[in-house]
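Take a look at the letters that make up each chain.
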There are 2 protein chains.
Amino acid sequence: MLADGFLFTDHYQLTMAQLYFHMGLHERRSQFDYFFRSYPSYGTHQAGYAIAAGLGPLLDWMEDTSFGAEEVTALGKFQTSTGQPEFRSDFLEWLAGAGSFGSVSLWAVPEGRVIHPNTPLTVVEAPLAIAQILETPLLNHLNFASLIASKASRVVEAASGGSVLEFGMRRAPAWGANTASRASLIGGAEASSNVGMSIDLGYESRGTHAHSMVQVFMAIAGGELEAFRAYADLYPDDTTLLVDTVDTLESGVPNAIRVFEELRAKGHEPRGIRLDSGDLAHLSVRTAQMLNVAGFENVKIVLSSQLDELTIWQIRNQILEEASRYDVDPARVLSRLVYGVGSRMVTSEGDSSFDGVYKTVAVEDDRGDWQPAIKISDSPAKIQNPGRKSLWRIYDRRGIATADLVSLNGEEIAAPVTLIHPTQPGVSRTLTEPEISRIEPLLVKVLDGGKRIGDLGGIDQARTRRIADLQQLDPGVRRLVNPHTYHVSITPQLSELKNQMIQSFRA
Amino acid sequence: MLADGFLFTDHYQLTMAQLYFHMGLHERRSQFDYFFRSYPSYGTHQAGYAIAAGLGPLLDWMEDTSFGAEEVTALGKFQTSTGQPEFRSDFLEWLAGAGSFGSVSLWAVPEGRVIHPNTPLTVVEAPLAIAQILETPLLNHLNFASLIASKASRVVEAASGGSVLEFGMRRAPAWGANTASRASLIGGAEASSNVGMSIDLGYESRGTHAHSMVQVFMAIAGGELEAFRAYADLYPDDTTLLVDTVDTLESGVPNAIRVFEELRAKGHEPRGIRLDSGDLAHLSVRTAQMLNVAGFENVKIVLSSQLDELTIWQIRNQILEEASRYDVDPARVLSRLVYGVGSRMVTSEGDSSFDGVYKTVAVEDDRGDWQPAIKISDSPAKIQNPGRKSLWRIYDRRGIATADLVSLNGEEIAAPVTLIHPTQPGVSRTLTEPEISRIEPLLVKVLDGGKRIGDLGGIDQARTRRIADLQQLDPGVRRLVNPHTYHVSITPQLSELKNQMIQSFRA
């Protein structure tokens, strides 16, 4: 299997790397920025922030990966259209020696942090050929994980404190399922049903039973009641029963209550019921009512079936309207809900790709000086910020993040801070010292010439960072639909460099 | 890493397996069907058929995977809410011995074939606990691969004979990228940019250069022209140049033509230019015009940037309208187009999950007889077909597939064939012998008690099967928008069993 190793990259990275090798440019230091252009937009709703994810597995992969003998042999067989070797032996020999990520220095915004468009989120400094080959695996690792962490964060916000469980493996994108489980946890899911990945991350997976268990009993060993009883017998302190195999209100809930009563008689407390079809809001109210009457006010109601942030929001609103008709306290129904969220979270239904890109921003010239690089576009929003840069977050007096600011490397950012609009140089605002509570550098150096430095912790730290960042984010920006636009600005120095380059370029 | 092994499954599969173990049901033979409920629907457009994919990697994984000591240790640590071991040692010991897929028999519709909803596409017969644990990895492997093969097939159909190249790694779902590359090839893509996976599949990956190469030259070694020249110097017989880094018509195409002329003077023929932004239809026409005037009528025009089946369709239609205004033959422009398709294909933009499910259809009772299982639903379309079944495709006199027919196991299907509507038992039609050219069984036995039997070939055979099946599919069913509904029927015997079970169930 070469597919998981150093050749997990696009073909053109190798043809370009060979060209740099041929030109003697392959070991020139170069800098590339990873950034995204726009928040995910899901059709009827759109994100006002995103969550960084994917860095940890990327770094692990980079550390474990190198270009070996098998790669030499495989690429040595590629032919040009005239039957010549596409990759020459001198280039392959160089790769056999230098083909690893041991020469890479890397700065990144840590996993779990709130991130915004057109800011450098990961900065790579490496020999040109290596930085180029790294483009594809870096984008692959960061884009999908950030997409899912961002979606999960929205689902968790919609759940308003109710637990979110990730149940998406079966329709997740093949082995991307494991990345999705991890990213969902970073985005705030409480646990995942994915056994192997949960264990690898130090978590316990979660789940109870499926319709199939009830069907098996119906076919050969009784029926729904016998299935529930067998389950409760084996898991007396963790009994959550799926009640919609036959008929939720006519069969499932009454059978569950009967088994719950038997459990309680034996000194155990039942945990929950799960609803997996039908009008989940209505069924939640009716189920809560039946459970209350039977004396099971604390049994959780787990909802699943095509959930996402909007369906959860809708379900919660419908419960608020509908509960009183059945003499049930809506707040108490809401507080007992747990959300099992699957396909729509782990595929980011509505917007299934994160538009992160990786662009050359500077290359060392033959005198050893950094030369900024730029890509011009007819659309001002697509003209990238040139040069080696830093990233800052500025908090207002209340401690709320008010802007992310992109500067050139080496700039000291202190009040008063002038914020220039990234595409309209004439538009600016200045924040004075009393208006600023904190100026925080966001990029952390995590690789220095291939060596790990700066321990960012594991997934628990990432989860903590997300919670902290959301608390410091304007509620309008967090809104699920039509969020406020968060300000991303550039410094006067960066703005000047950018304008100079655009002008000299157009001249 | 446990995440890629036997525990690549949902938690509840293990709690159910333990319950079956506890009841002494774990080794009962059971049968599960994999089927999907509806074709992918992408919002403004929807599929009228799907393409089977994912079986090969699933079988490889099943063969390589077993429950070992590491799994015993990890699961042994799981605790119930009262601190007891969740998985008992007798169950874990049994899994340590029996925890593999060596007991599974499996029938499947081969990869590359056209498939339709509510038909058994993969049938698993295995000891109940093992069949249950297999649910998640089976769904994970088959659902995503079939989703992408189906999308790719649509993109390839829209390209009307033009080559489709899969360029999606960077925004593909993490390691699902490799599955997506393979599935895209099954769906008809000519090649992929994914180096490692292409090699593993026996293909050569494809690609040329990115904007970054031009940017690097602009920063330190000249400009676009020098970049193009360096590329052509190294790859003289495979020069395809990306022309939109600066300005497509003002800079990129003229520079490319200059380098093409230099190449030709040295006895080489240029291969292509690539357009990656702007109005691709308009730019194709203008570029074709400029290339024609310069004498490069055969240079390919590679299009990329947010392509999918509808954008390709739109681009081709616009070219048909616009070409004559520039004195260019539209048919010749169309015939030189190549499509580099990325994110939207490898994530199935618009519908990012395939709704395949895996349902218990029969379990052996304590006398060793198969008992059919069913799941009832308020929605007739969601009531599954019970029992052990076979699947047939019936071709009309013209050799066009006219219906897929689901029968019970052991039924002989021969003319005259009565086709019953799957949810409306009163609706039927009968095909007489002269109306039928062929009755084809679709399921092939590929595993017999864990042993591979029946060589289905590799990816080339899958690609061939797709092409053959599409030729035998009604053009109305293949339509990209509002396709005709293909008929899926059941036999009178199956219909009778289903109705009996529904009635006895409701009584």
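About the criteria used
Residues numbered from 1 in each chain as written. Chains lettered and ligands numbered in written order. Predicted model: local features only at pLDDT ≥ 70, side-chain atom pairs only at ≥ 80, totals over all residues. Heavy atoms only, no water. Helix = DSSP H or I, 4+ residues; strand = E, 2+ residues; numbered from the N terminus. Buried < 20%, exposed > 50% of the residue type's maximum accessible area, 1.4 Å probe, protein only. Contact = heavy atoms within 4.5 Å. Areas by Shrake-Rupley, 256 points an atom, 1.4 Å probe, with all protein chains shown as cover. Least-squares fit on C-alpha atoms with pLDDT ≥ 70 in both. Phe/Tyr/Trp six-rings, centres within 6.5 Å; stacked < 30°, edge-to-face > 60°. Domains from an automatic or database assignment. Buried area = accessible area lost by both parts, 1.4 Å probe. Salt bridge = Lys/Arg side-chain N within 4 Å of Asp/Glu carboxyl O. Polar contact = N/O pair within 3.5 Å; in protein donor to acceptor, adjacent residues only side chain to side chain. Pairing = 2+ DSSP bridges. Nonpolar A, V, L, I, M, F, W, Y, C, P; charged D, E, K, R; others polar. Patch = residues over 30% accessible without salt bridge, like charges linked within 9 Å, V, L, I, M, F, W, Y side chains within 5 Å. Lys, Arg positive; Asp, Glu negative; His and termini not counted. Charge placed at Lys NZ, Arg CZ, Asp CG, Glu CD. Axes fitted to C-alpha atoms, helices over the stretch in contact; angles between N-to-C directions. Parallel < 35°, antiparallel > 145°, perpendicular 65-115°, else oblique. Left-handed = near helix turned anticlockwise from the far one by under 90°. Expected span 1.5 Å × (residues − 1).

Participant: Before we move on, can you summarise the overall build of chain A with the specific residues and values?
Facilitator: Secondary structure summary: chain A contains 17 helices and 21 strands in total. Within the span of chain A, comprising 507 residues, buried residues form 63% of the whole. The contacts of chain A with a sequence gap of at least 6 include a subset with a gap of at least 24, amounting to 76%. In the structure as shown, chain A presents an accessible area of about 17900 Å², 48% of it carried by carbon and sulfur atoms.

Participant: Which residues make up unusual backbone geometry, and what values go with them?
Facilitator: For the peptide bond that leads from Ala-415 of chain A to Pro-416 of chain A, omega is -5°, which places it in the cis range. With respect to the helices and strands, the residue Pro-416 of chain A is situated in the loop between strand E15 (401-408) and strand E16 (417-420). Of note in this structure, Ser-305 of chain B is not a glycine but carries a positive phi near 110°. Checked against the element boundaries, Ser-305 of chain B lands in the loop between strand E10 (300-303) and helix H12 (309-322).

Participant: Just give me the short version of the relation of the copies chain B and chain A, but keep the residues and values in it.
Facilitator: Its rotation angle being 180°, the transformation that places chain B on chain A also includes 0.0 Å of axial translation and leaves an RMSD of 0.0 Å. Both copies of the chain, as the preceding transformation shows, are related through a two-fold rotation axis.

Participant: Go over the packing of aromatic side chains with me, naming the residues and quoting the values.
Facilitator: All names here are of chain A. Counted by the stated rule, this structure contains 28 aromatic pairs over all chains. For the ring pair Trp-61 and Phe-101, a centre distance of 5.6 Å and an interplane angle of 35° mean the geometry is tilted. Note that Trp-61 is positioned in helix H2 (residues 55-64) and Phe-101 in the loop between helix H4 (89-98) and strand E3 (105-108), a separation of 40 residues in sequence. Residue classification places Trp-61 among the buried residues on the basis of a relative accessible area of 7%. Overall, Phe-101 belongs to the buried group, its relative accessible area being 3%. Through successive ring pairs, a cluster of aromatic residues spans Phe-21, Phe-78, Phe-87, Phe-91 and Trp-94.

Participant: Give me the domain arrangement of chain A: which residues, what numbers.
Facilitator: Residue and element names in this part refer to chain A. When cut into domains, chain A gives domain 1 (11-65 + 100-150 + 350-506) and domain 2 (151-346). The interface of domain 1 with domain 2 comprises 30 residues on the first partner and 27 residues on the second. Where domain 1 abuts domain 2, roughly 2200 Å² becomes buried across the two surfaces, and 58% of that area is made up of carbon and sulfur atoms. Our count for the contact surface shared by domain 1 and domain 2 stands at 2 salt bridges. For Glu-111, the salt bridge is made with Arg-182, and the minimal N-O distance between the two is 2.7 Å. Taken together, domain 1 and domain 2 are joined by 20 residue pairs in polar contact (both at pLDDT 80 or more). When contributions to the side of domain 1 that touches domain 2 are tallied by element, the ones reaching two or more residues are H2, helix H5 (128-158) and helix H15 (459-471).

Participant: How would you summarise the sheet that holds strand E6 (residues 164-166) of chain B if you had to cite specific residues and measurements?
Facilitator: With parallel pairing, 6 strands are arranged side by side in an open sheet as E7-E6-E11-E10-E9-E8 (chain B). The sheet is open, and its two borders are formed by strand E7 (191-192) and strand E8 (240-242) of chain B, each paired with just one other strand.

Participant: Before we move on, can you summarise the environment of Tyr-235 of chain A with the specific residues and values?
Facilitator: Of note, Tyr-235 of chain A is situated in the loop between helix H9 (224-234) and strand E8 (240-242). In this structure Tyr-235 of chain A comes out as buried when scored by relative accessible area, which is 4%. Between the C-alpha atom of Tyr-235 of chain A and that of Thr-208 of chain A, which follows or precedes it by 27 residues, the distance is 9.4 Å. Setting aside residues no more than four positions away along its own chain, Tyr-235 of chain A makes contact with Leu-14, Thr-15, Gln-18, Leu-19 and Glu-86 of chain B.

Participant: Can you lay out the interface of chain B and chain A for me, pointing to particular residues and giving the numbers?
Facilitator: Listed by partner, the interface residues are 111 residues for chain B and 111 residues for chain A. Counting across the chain B and chain A interface gives 4 salt bridges. Here Arg-170 of chain A ties to Glu-135 of chain B by a salt bridge, and the two come within 3.2 Å at their closest N and O atoms. Looking at the side of chain B that touches chain A element by element, the count peaks at 11 residues for helix H1 (residues 11-23) of chain B. Residue composition of the side of chain B that touches chain A, by class: 49 nonpolar, 38 polar and 24 charged.

Participant: Would you mind going over the sheet that holds E8 of chain A in detail, with residue names and values included?
Facilitator: Residues and elements named next belong to chain A. Read across the open sheet, the 6 strands follow the order E7-E6-E11-E10-E9-E8; overall the sheet is parallel. At either margin of the open sheet sits one strand with a lone partner, and together these are strand E7 (191-192) and E8. Pairing of strand E6 (residues 163-166) with strand E11 (residues 337-341), which is carried by 4 bridges, proceeds in the parallel orientation. Its bridge partner being in E11, Val-164 is matched across the sheet by Tyr-339.

Participant: Lay out the side chain of Asn-385 of chain A in plain terms, naming residues and giving numbers.
Facilitator: All names here are of chain A. Residue placement: Asn-385 occurs in the loop between strand E13 (370-372) and strand E14 (389-396). Within the local environment of Asn-385, its side chain forms a polar contact with the side chain of Lys-498, the two groups lying 2.9 Å apart. For Asn-385, the contacting residues outside a window of four places in its chain are Asn-118, Val-361, Ile-490, Leu-494 and Lys-498.

Participant: Describe in detail the pattern of salt bridges, supporting the description with residues and values.
Facilitator: For the coordinates displayed, the defined rule picks out 50 salt bridges over all chains. Across the pair Arg-452 of chain A and Glu-63 of chain A runs a salt bridge whose closest N-O atoms are separated by 3.6 Å. Separated by 389 residues along the polypeptide, Arg-452 of chain A in strand E20 (residues 451-452) and Glu-63 of chain A in helix H2 bring together distant segments of the chain. Between Asp-276 of chain B and Arg-274 of chain B there is a salt bridge, and its shortest N-O distance comes to 3.7 Å.

Participant: Please provide a residue-by-residue account of the side chain of Ser-184 of chain A, values included.
Facilitator: Residues and elements named next belong to chain A. Along the chain, Ser-184 falls in helix H6 (residues 176-186). We classify Ser-184 as buried; its relative accessible area is 0%. Separated by 2.8 Å, the side chain of Ser-184 and the backbone oxygen of Ala-180 make a polar contact. Ignoring any residue separated from it by four or fewer positions in sequence, one finds Ser-184 in contact with Ile-148, Ala-152, Glu-166, Ala-189, Met-345 and Val-346.

Participant: Go over a negative patch on the surface with me, naming the residues and quoting the values.
Facilitator: Among the surface-exposed residues, Asp-4 and Glu-70 of chain A together with Asp-4 and Asp-200 of chain B lie close enough to one another that they form a single negatively charged patch. With respect to the secondary-structure elements, Asp-200 of chain B resides in helix H7 (residues 195-200). On the basis of relative accessibility, which here comes to 30%, the residue Asp-200 of chain B falls in the partly exposed class.

Participant: Before we move on, can you summarise the environment of Ser-277 of chain B with the specific residues and values?
Facilitator: All names here are of chain B. Mapped onto the elements, Ser-277 comes out in the loop between strand E9 (272-275) and helix H11 (280-293). Measuring from C-alpha to C-alpha, the distance between Ser-277 and Thr-245 comes to 9.2 Å, with 32 residues separating the pair along the chain. Other than its neighbours up to four places away in sequence, Ser-277 contacts Asp-244, Leu-283, Ser-304 and Ser-305.

Participant: With reference to specific residues and values, describe the packing of helix H8 (residues 211-220) of chain B against helix H9 (residues 224-234) of chain B.
Facilitator: Residue and element names in this part refer to chain B. Closest axis-to-axis distance for the H8/H9 pair is 8 Å, and the angle between their directions is 120°. Classified by the angle their axes make, H8 and H9 are oblique. Two packed elements cross with a definite hand, and for H8 against H9 that hand is right-handed. Contact with H8, carried on its side by Met-213, Val-214, Phe-217 and Met-218, involves Glu-224, Glu-226, Ala-227, Phe-228, Ala-230 and Tyr-231 of H9 and no other residues of that element. Residue composition of the contact of H8 with H9, grouped by class: 8 nonpolar, no polar and 2 charged.

Participant: Summarise the environment of Ser-284 of chain B; cite the residues concerned and give the values.
Facilitator: All names here are of chain B. Mapped onto the elements of the fold, Ser-284 is located in helix H11. Sequence spacing of Ser-284 and Arg-274 is 10 residues, and the spatial spacing of their C-alpha atoms is 9.5 Å. Every residue in contact with Ser-284, bar those within four places of it in the chain, is listed here: Leu-275, Ile-301, Leu-303, Ile-319, Val-333 and Leu-337. Of note is the side chain of Ser-284, whose polar atom sits 2.6 Å from the backbone oxygen of Leu-280.

Participant: Account for helix H17 (residues 492-506) of chain B, with residues named and values stated.
Facilitator: Three or four residues apart is the spacing at which side chains of an α-helix point the same way, because the helix has 3.6 residues per turn. For H17 of chain B, built from 15 residues, the straight-helix expectation of 21 Å at 1.5 Å per residue is met to within 8% by its first-to-last C-alpha distance of 21 Å. Here the buried face of H17 of chain B lies against strand E13 (370-372), strand E14 (389-396), strand E15 (401-408), strand E16 (417-420) and strand E21 (487-490) of chain B.

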